[in-house]
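Each chain, letter by letter, is given below.
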Amino acid sequence: MSTDLTASRALAPTGAKASPFIANTIAQFRGFAAQPAVAKSLPALGLVALIAIAALIWMAVSAAPQRDLMRGLADEEKGAVVEALKSGGIAYGLDKTSGTITVSEDEYHQAKMLLAAQGLPKSAPDGAQAIADLPLGSSRAVEGERLRSARELDLARTIEAIDTVETARVHLAVEAPSAFLRERSKPAASVMLTLTSGRSLSDQQVQAIVHLVASSVPGMSPDGVSVADQNGQLLSNRNDGGVSSETERQVAVQAKIEERYRQALETLLTPIVGAGNFTAQVHAEVDFSETQATREGFPKEASTVRSEEGATTVDAAEPTAGGIPGALSNQPPTAAEVTAAPNGAITPIAPGAPDPANAAGTKREENYNRSYAVGREVSVTRQQIGQVKRLSVAVALKNPDGAAPRSAQEVAALEKLVKGAVGFNGGRGDMVALTARAFAPSATDAPAWWEAGWVAMAARNVTALAVVLLFVFGIGKPLLKRSNAALARRAEAQAAGRNAVRGEIADAIAERAQRDPDTKVTLEMIEAARSYEARAALIRNFVRQDPARAALVVRDLIRADGKDGDHRHG
């Protein structure tokens, strides 16, 4: 009783008296636990509870980590997804802060396929649905806003098709057409992206989004599109056509040229020396300067008369008298005149024409205006941008393991092949260096053993087993020992109390038997007597009251002693 009272006081709050209800409840519980049947079953109940707690710990620790399944869904969409997961027997979780539906990493792809087979989650309304829901009798302003919203939805759904983009929102700033405005502002757009955790967009992807939006709106230029992510970082300013973007473009062109030469070397050397038996590096010095020259010439041979205007004037003097007076002037010439003419022919003088003999008195004047067309040649020369100025190639060959190094003739032959593959040009200063060396041992490209899939599962199971063993042997077993010890002490105390009561009763009976010889004595009373005097007095009364039974008892004792002696001698 004192032990129960001490325990009740210990369970009461410090500095305050326990309420009667709590004290009564504790007393009832202790009374229930003190029952023999309950006390015997407490270790078994404790073992069952320990196993249940260990199983819960195992399930909590060895379970696969959770992975986000759906984000940003409406409540009705979440309800449909949860019902589908329940019907499919897939355990799910719901984040209390963000409302995100999560599933085990081992069941992530199975849940995805299950939802896809049922058409969940339902896609957000697209532009066609927004136009179909347009009410009849809407004003022109309302109709324009609905059409703009439909276009924004279509663009957002298109951008979300990119693998890295989780959700997208598009806002268009397009001025409504009006006949009263002479100047209109250019349309613009802003795009808000929510990217997948741990992922980022490349410059090419950002430019693709910018041009996609700009091409979908009439009159919109790529400069009017702004793209930002969920962290508030502006993504579209990285390619604004400035110096940085031009430098990045030049670096990309140079890297592409070098990669092309490197691929040519790999294609050439892999069948000859084998994959992994060589390394090749190419550096291309590229000229990105832009030069333009214009030349204009006038060839002398390319001139011709386009037009000619003019006249010829001849002034003749009075003819003088000649010949023989009285003779006719139209007489044929004599033979001597004909013979004197060259080739034996003479040109007769036309009637009225002046005599050549008198040509000294003739005046001839020419006046012409000629226009010439002169040939004109214009030549424009523009130098190619991104032309390779100089090429440097370095190739290291691996010497065969356990064999003789590569000979100089083999290296020279391979060097000629390399020069032919890259288009070696000594005039521009190209350089090709090829050498054969022993490669240092390098780690294999295979993933490390700790990156294998079974390692994570084994680590979770081992951790769960360690936690369970720690709980069982570090907490459960000491508690069970302490409980068993407490039960043993309680049983000993109860047994000692019963023995004490039995002894007091036996002493009282022996004392009564001594005072009253007629008191009926039994064997149990004799066995319960603690002192020799009390037991002897009870035996005397027993023999006096029932001699026959006393004789039987003595006979049984003698037989029992005889059997014990036989066993001992045997």
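Residues numbered from 1 in each chain as written. Predicted model: local features only at pLDDT ≥ 70, side-chain atom pairs only at ≥ 80, totals over all residues. Heavy atoms only, no water.

Where we set the bar: UniProt positions are given in the numbering used here, feature names are shortened, and annotations may be inferred rather than shown by experiment.
As named in an unreviewed UniProt entry, the protein is Flagellar M-ring protein, taken from Allosphingosinicella deserti. Looking at the Sequence similarities (unreviewed entry) heading of the UniProt record, one finds this comment for the protein: "Belongs to the FliF family." According to UniProt, the comment filed for the protein under the heading Function (unreviewed entry) is "The M ring may be actively involved in energy transduction."

## Some thoughts on the sheet that holds strand β12 (residues 387–398)
So the rule is basically this: Pairing between strands is defined by DSSP: at least two bridges between them are needed. A helix here means a DSSP run of H or I that spans at least four residues, while a strand means a run of E at least two residues long, and both kinds are numbered starting from the N terminus. Axis geometry follows a simple rule: fit a line to the C-alpha atoms, using only the stretch in contact for helices, then measure angles between N-to-C directions, giving values from 0 to 180 degrees. In this description, contact between two residues means that some pair of their heavy atoms is separated by no more than 4.5 Å.
If you trace the three strands from one edge of the open sheet to the other, you get β7-β12-β13, paired in mixed fashion. Every interior strand has two partners, whereas the edge strands, β7 (278–287) and β13 (431–437), have only one. Averaged over all pairs of adjacent strands, the angle between their axes in this sheet comes to 10°, without regard to strand direction. Packing of helix α11 (residues 408–422) onto the sheet brings it into contact with β12 and β13, and relative to β13 it is tilted by some 145°.

## Side note on the packing of aromatic side chains
Each aromatic ring pair is described using two quantities: the centre-to-centre distance and the angle formed by the ring planes. To be explicit about the condition: Only Phe, Tyr and Trp rings take part, Trp by its six-membered ring, and two of them pair if their centres are within 6.5 Å. Stacked means planes under 30 degrees apart, edge-to-face means over 60, and tilted covers everything else. Whether a charge sits over a ring comes down to the Lys NZ or Arg CZ being within 6 Å of the ring centre and within 35 degrees of the ring normal.
Applying the stated rule across the entire model yields zero aromatic pairs. Over the face of the ring belonging to Y261 we find R260, whose NZ or CZ atom lies 5.1 Å from the ring centre. Residue placement shows K419 over the ring face of F424; its charged tip is 4.8 Å from the ring centre.

## Quick look at the sheet that holds strand β3 (residues 101–104)
With antiparallel pairing, three strands are arranged side by side in an open sheet as β1-β3-β2. Each end of this open sheet is capped by a strand with a single partner; those strands are β1 (66–70) and β2 (92–94). Adjacent strand axes in the sheet meet at a mean angle of 40°, parallel and antiparallel pairs treated alike. Note that β2 and β3 share three bridges and pair antiparallel. Bridge assignment links Y92 to a residue of β3, and that residue is V103. Relative to β3, helix α4 (residues 75–87) is tilted by about 20°, and along the sheet it contacts β1, β2 and β3. Along the sheet, helix α5 (residues 108–117) contacts β1 and β3; its crossing angle with β1, the most-contacted strand, is approximately 15°.

## Considering the pairing of β13
This is how the line gets drawn: Remark: exposure states derive from per-residue accessible area (1.4 Å probe, protein chains only) relative to the maximum for the residue type, with buried under 20%, exposed over 50%, and partly exposed in between. By convention a crossover is right-handed if, when the strands point away from the viewer, the path from the first strand over the helix to the second runs clockwise.
Side chains of β13 alternate between two faces, with V432, L434 and A436 buried and M431, A433, T435 and R437 left unburied. As paired strands, β12 and β13 are joined by seven bridges and run parallel to one another. The partner of K398 across the bridge, within β13, is R437. Viewed along the sheet, the connection from β12 through α11 into β13 turns out right-handed.

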